[in-house]
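The lines below spell out each chain.
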Amino acid sequence: RAPASPIPVPEVHDGVLDVRPLVAGVVDALGRGFSRESVAAGFHRGLGVGASRLAAELAGSHGLDTVALSGGVFQNVLLTDVMCSELHSAGLRVLVHERYPPNDGGISLGQAAVAAAVSNA
């Protein structure tokens, strides 16, 4: 098994996720010969941990205890799993799509529901 690539977690500063160390880490790891697979996995883990830290910080500053993960990016199982784990560890409730897709299919369903509600009004 190949060693995990040394991809750093992005830092959160004043409500902003600084991904520059993450991108630099990807370039460095590839230049040092780490496999694309391990670099990609490290990138997704790092991004997920960093985004979770940002979400937890923002939730805390607004007195929230729940975070919703939605949008096409959450079709990515690794990113979703990392963020769910990190957010749960931070004591937050996490909402994810279960019955409908987090991408355009879910948007279309919502548009259809609004159209039906408006036409029945």
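Look up: the structure comes first, before these words.
The model shown is predicted, which means the values in this text are computed figures rather than measured ones.

Conventions adopted
- Here the residue numbering is sequential within each chain, running from 1 through the sequence in written order.
- At least 70 in pLDDT is required for a residue's local features to be given in this predicted model, at least 80 for side-chain atom pairs to be given and counted, and no such filter applies to totals for whole chains, interfaces and linings, which use all residues.
- Neither water nor hydrogens contribute to the side-chain values; these are computed over all heavy atoms in the structure.
- Numbering of helices and strands runs from the N terminus, with a helix taken as a DSSP run of H or I at least four residues long and a strand as a DSSP run of E at least two residues long.
- Taken over C-alpha atoms, the radius of gyration is set against a globule rule of 2.2 Å times the number of residues to the power 0.38.
- Relative accessibility under 20% of the residue-type maximum defines a buried residue, over 50% an exposed one, and the middle range a partly exposed one, all with a 1.4 Å probe and only protein chains included.
- Contacts are assigned to residue pairs with any non-hydrogen atoms lying within 4.5 Å of each other.
- Surface accessibility in these figures is a Shrake-Rupley result with a 1.4 Å probe; residues are shielded only by whichever protein chains are displayed.
- By the counting rule applied here, Lys and Arg register as positive and Asp and Glu as negative, while His and the ends of each chain are not counted.
- To locate a charge, take NZ of a lysine, CZ of an arginine, CG of an aspartate or CD of a glutamate.
- For the purposes of this section, nonpolar cores are sets of buried Ala, Val, Leu, Ile, Met, Phe, Trp, Tyr and Cys residues that join through side-chain atoms within 4.5 Å.
- For salt bridges, the criterion is a side-chain nitrogen of Lys or Arg within 4 Å of an Asp or Glu carboxyl oxygen.

Visitor: Would you explain the overall build of the chain in this entry?
Guide: Of regular secondary structure, the chain possesses four helices and four strands. Going residue by residue from the N terminus, the α and β elements of the chain occur as β-β-α-α-β-α-β-α. The C-alpha atoms of the chain give 18 Å as radius of gyration, which overshoots the globular expectation for 121 residues (14 Å, by more than 25%). When the backbone C-alpha atoms are referred to their principal axes, the chain occupies close to 60 × 30 × 25 Å. The proportion of buried residues among the 121 residues of the chain is 27%. Restricting the contact set of the chain to residue pairs at least 6 apart, pairs at least 24 apart contribute 70%. Here the chain has roughly 7800 Å² of accessible surface; of this, 57% comes from carbon and sulfur atoms. Mean positive and mean negative side-chain charge positions of the chain (8 and 11 charges, respectively) differ by 7 Å.

Visitor: Could you clarify how one ought to interpret the nonpolar core in this entry?
Guide: Most often, soluble globular proteins have nonpolar side chains that are buried together. Among the nonpolar cores identified, the biggest contains 11 residues, and these are Ala55, Ala59, Val67, Leu69, Phe74, Leu79, Met83, Cys84, Leu87, Leu92 and Val94. Elements supplying a minimum of two residues to this core: α2 (36–61) and α3 (77–89). In terms of residue count, α3 provides more of this core than any other element does, four residues in total. Apart from residues lying up to four places away in sequence, valine 94 is in contact with Val67, Leu69, Cys84, Leu87 and His88.

Visitor: It is not clear to me how unusual backbone geometry should be interpreted in this structure. Could you clarify?
Guide: Residues other than glycine seldom take positive phi values, yet aspartate 14 does so here, at roughly 50°. Mapping aspartate 14 onto the fold places it in the loop between β1 (11–13) and β2 (16–18).

Visitor: Looking at this structure, I do not really get the side chain of serine 52. What am I missing?
Guide: Following the sequence through the fold, serine 52 ends up in helix α2. With a relative accessible area of 3%, serine 52 lands in the buried category. When residues no more than four places from it in sequence are discounted, the contact partners of serine 52 are Val82, Met83, Glu86 and Leu87.

Visitor: Would you explain the pattern of salt bridges in this entry?
Guide: Charged atoms that come close allow side chains of opposite charge to pair. Tallied over the entire structure, the rule returns two salt bridges. Across the pair arginine 20 and aspartate 18 runs a salt bridge, and its minimum N-O distance is 2.9 Å. When its relative accessible area of 63% is taken as the criterion, arginine 20 is described as exposed. Among the ionic pairs, arginine 32 bridges to aspartate 28, the shortest N-O distance being 3.2 Å.

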